[in-house]
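Observations on the three-dimensional arrangement
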Amino acid sequence: MSEYNDKHGRREAPGGFSLKKWWAGYRGWVASLDRGARIRYRVYQGLSVAALLVIALVLFLQSWIKLPEVPVPPEPGTGSEGPPSQSGQPAGLEYEGAELPSVTKSGRKPGYYTFLLVGKDTSSGLTDTMMLVTYDTQGKKINAISLLRDTMVNTSGKSGGQKRLNAVYNRNRGDSKLSEKERIENGMTALKKEVSRLTGIYPDFYVMVEWEAIGRLVDAVNGVEFEVPFDMDYDDPYQDLHIHQKKGLRVLDGRDAMEVIRFRKNNDGSHSLGDVGRTEIQRDFLTAVLKKCLTPEILLKLPTLVDIFVDNVDTDLTVGNILAFAQLAIGMDVENGVNFVPMPCYGVSYGGASLVCAQEKELLELLNDGINPYLDEIRSSDLQLMYQKSNGAFGVTNGTLADPAVGRVYVAPKPKPEEPDSSEEPGDTSGEENPDTSTPPDSSGEETPPGDASEPGGTEEPGAVPDPPDIGEIDPGVVFPDPSTDIQNRDSQIAADGLPRAAA
């Protein structure tokens, strides 16, 4: 072979292939092409490089934009998701009864993911808007139920305000020495567990949005069409809050949106919404925003939306997870595939706070109609709901009261006997038709209040509120569907008598 190369004046380089010689040959070949052929070659060359870049980008995005794995719910006695070996009790966690509903162990429907969507008030830090969202990625349906912030929960907190669902997050954030991320995880873990007791569903993920971000989001999608239910006119100079919105179907910009979701009542006192009414408007508006975000043209605005998301959202999902869910939503029928419903409830009062309790039967029907991600149906035994008994005391289904005081009813003491008229002689009972022969009052001058003192431990401590007679628990959804009117009448009468409300 070497002799052949020598005869023809060619000798192979000692190292074999020479890049320098190849490059010189390549340049010579390109130079030999005519102008048209050279242009076509450069075009083909550019397209080949672009194709390689696109393939590389697609492979990168496929590894980044992906659905998350459904986390393992926390085991009893742990504070965060994951196996017991990876779960530690967060500092300051006050959640009582960490055991999850039995339905969570029945397995999952394929393609179902659940989220706890929370709107946080920046001034108070309370989670004023809460929704449990279920996304069926195979059926392309989104179902959600709004959970009222004033929902009464089974907690050891003594005041009425501490017994609200929206106080769970703040109370369980833990020591201020922890990092903000750790405190958020603590608070959201406790809130997820409380939601699981209320609904039987332990949310897979959480998305906590600063309300201030809603205005930016609405502006980013060029406004949202929404029907304002009535004229809104409210001014609060102390908070520099001014709300002026006209009734009707309109395209709201970011400023309009913030005014609508903040509305509580008009200056003249009309349309005083309360928690139920305000949450209903917020729920309807968020539904309109979600439908707008699922339209195809919004894909062009993804960079702006991602920027808003990163700046104003705390979540245990990655941006890649969010984009993966959005990708699966392409082609969804937003008019028929998105359904938000309110939590059925009735009003109660405790410790001076207006609260609500869930109506069990109606709640179960809603949960099992598209929201339940588990194979088995959610049953009454999976829920721990606070309810009010016919005597005004409170109980909890499938659990023990964390604060025994809510299970007792305030009993007004009997009035002291009137002092005898000084004009009458001692022992003179001639003016009494039926002299009192009942048991005399005790040494304090007051009769012994009614109540059972035969419990273990002897008589009650001084000042304690006696337990009512055991009348049994009732179904709040059937026997006591809406006791708010009776409670208001009772509280009004108590106030008129100058007596305190039920003991906290």
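Throughout what follows, the structure given in this document is the object of discussion. Predicted model, so just to flag it, every value in this text is computed and none were measured.

**Some remarks on the environment of Leu67**
Mapping Leu67 onto the fold places it in the loop between α3 (35-64) and β1 (112-120). Those residues within four positions of Leu67 in sequence are excluded, and the remaining contacts are Tyr113, Asn321, Ala324, Phe325 and Leu328.

**Here we look at the sheet that holds strand β4 (residues 205-210)**
One open sheet holds the 6 strands; their spatial order is β9-β4-β1-β2-β3-β10, and the pairing between them is mixed. Both edges of this open sheet fall to β9 (313-315) and β10 (338-342), since each of them pairs with a single strand only. Here the strands of the sheet are splayed against their neighbours by 20 degrees on average, with no regard to which way each runs. In this structure, β1 lies alongside β4, joined through 6 bridges in parallel fashion. Looking at the pairing, Gly119 lines up with Val209 of β4. Contacts from helix α5 (residues 180-199) reach β1, β2 (127-136), β3 (141-147), β4 and β9, with the element oriented near 115 degrees to β4. Sheet strands touched by helix α11 (residues 360-371): β1, β2, β3 and β10. Its angle to β3, the strand with the most contacts, is close to 155 degrees.

**Here we look at a nonpolar patch on the surface**
Together, Ile39, Val43, Tyr44 and Leu47 make up a nonpolar patch on the protein surface, roughly 420 Å² of accessible area in all. Tracing the backbone through its elements, the reader meets Ile39 in helix α3. Under the relative-accessibility criterion, Ile39 is labelled partly exposed at 43%.

**Digging into the pairing of β4**
For β4, the buried fraction is high: 5 of the 6 residues fall into the buried class. Where β4 meets β9, 3 bridges bridge the pair, whose relative direction is antiparallel. Residue pairing in the sheet places Met208 in a bridge with Asp314 of β9.

**Examining unusual backbone geometry**
With phi around 65 degrees, Asn222 is a residue other than glycine that occupies positive phi space. Among the secondary structure elements, Asn222 is positioned in the loop between α6 (212-220) and β5 (224-228). Unusually for a residue other than glycine, Asn398 sits at a positive phi of about 55 degrees. Inspection of the secondary structure assignment puts Asn398 in the loop between β14 (394-396) and α12 (484-496).

**Some thoughts on α11**
Counted at 1.5 Å a residue, the expected span for α11 with its 12 residues is 16 Å, and the 15 Å between its end C-alpha atoms agrees. The set of residues buried in α11 consists of Glu360, Leu363, Leu364, Leu367 and Ile371. For α11, the arc enclosing every buried residue in end-on projection is 105 degrees, short of the 170-degree limit, so these residues lie on one face. Among the exposed residues of α11, those pointing more than 90 degrees away from its buried face are Glu365 and Asp369.

**Examining the pairing of strand β11 (residues 345-350)**
Of all 6 residues that make up β11, 5 are buried, and the element is covered over most of its length. Alignment of β11 against strand β12 (residues 353-358), held across 6 bridges, turns out to be antiparallel. Residue Tyr350 lies in a different strand from β12, and its bridge partner there is Ala353. Between β11 and the antiparallel strand that follows it, β12, lie 2 residues; Gly351 among them carries a positive phi value of about 55 degrees.

**As for the pattern of salt bridges**
If the charged atoms of two oppositely charged side chains come close together, the side chains can form a pair. Per the stated rule, a full pass over the model turns up 12 salt bridges. As a salt-bridge pair, Asp403 and Lys163 come within 3.0 Å of each other at their nearest N and O atoms. Note that Asp403 is positioned in the loop between β14 and α12 and Lys163 in the loop between β3 and α4 (168-171), a separation of 240 residues in sequence. For the pair shown, Asp403 and Lys163 are each scored as buried.

**Comments concerning the packing of helix α9 (residues 302-312) against helix α10 (residues 319-328)**
Axis separation between α9 and α10 bottoms out at 11 Å; the angle between their running directions is 135 degrees. What the angle tells us is that α9 and α10 run oblique. The chirality of how α9 crosses α10 is right-handed. Between α9, through Leu302, Val306, Phe309 and Val310, and α10, the contact on the second element is made entirely by Val319, Ile322 and Leu323.

Cut-offs and rules
Residues numbered from 1 in each chain as written. Predicted model: local features only at pLDDT ≥ 70, side-chain atom pairs only at ≥ 80, totals over all residues. Heavy atoms only, no water. Helix = DSSP H or I, 4+ residues; strand = E, 2+ residues; numbered from the N terminus. Contact = heavy atoms within 4.5 Å. Pairing = 2+ DSSP bridges. Axes fitted to C-alpha atoms, helices over the stretch in contact; angles between N-to-C directions. Patch = residues over 30% accessible without salt bridge, like charges linked within 9 Å, V, L, I, M, F, W, Y side chains within 5 Å. Areas by Shrake-Rupley, 256 points an atom, 1.4 Å probe, with all protein chains shown as cover. Salt bridge = Lys/Arg side-chain N within 4 Å of Asp/Glu carboxyl O. Buried < 20%, exposed > 50% of the residue type's maximum accessible area, 1.4 Å probe, protein only. Expected span 1.5 Å × (residues − 1). Arc of directions from axis to C-beta. Parallel < 35°, antiparallel > 145°, perpendicular 65-115°, else oblique. Left-handed = near helix turned anticlockwise from the far one by under 90°.

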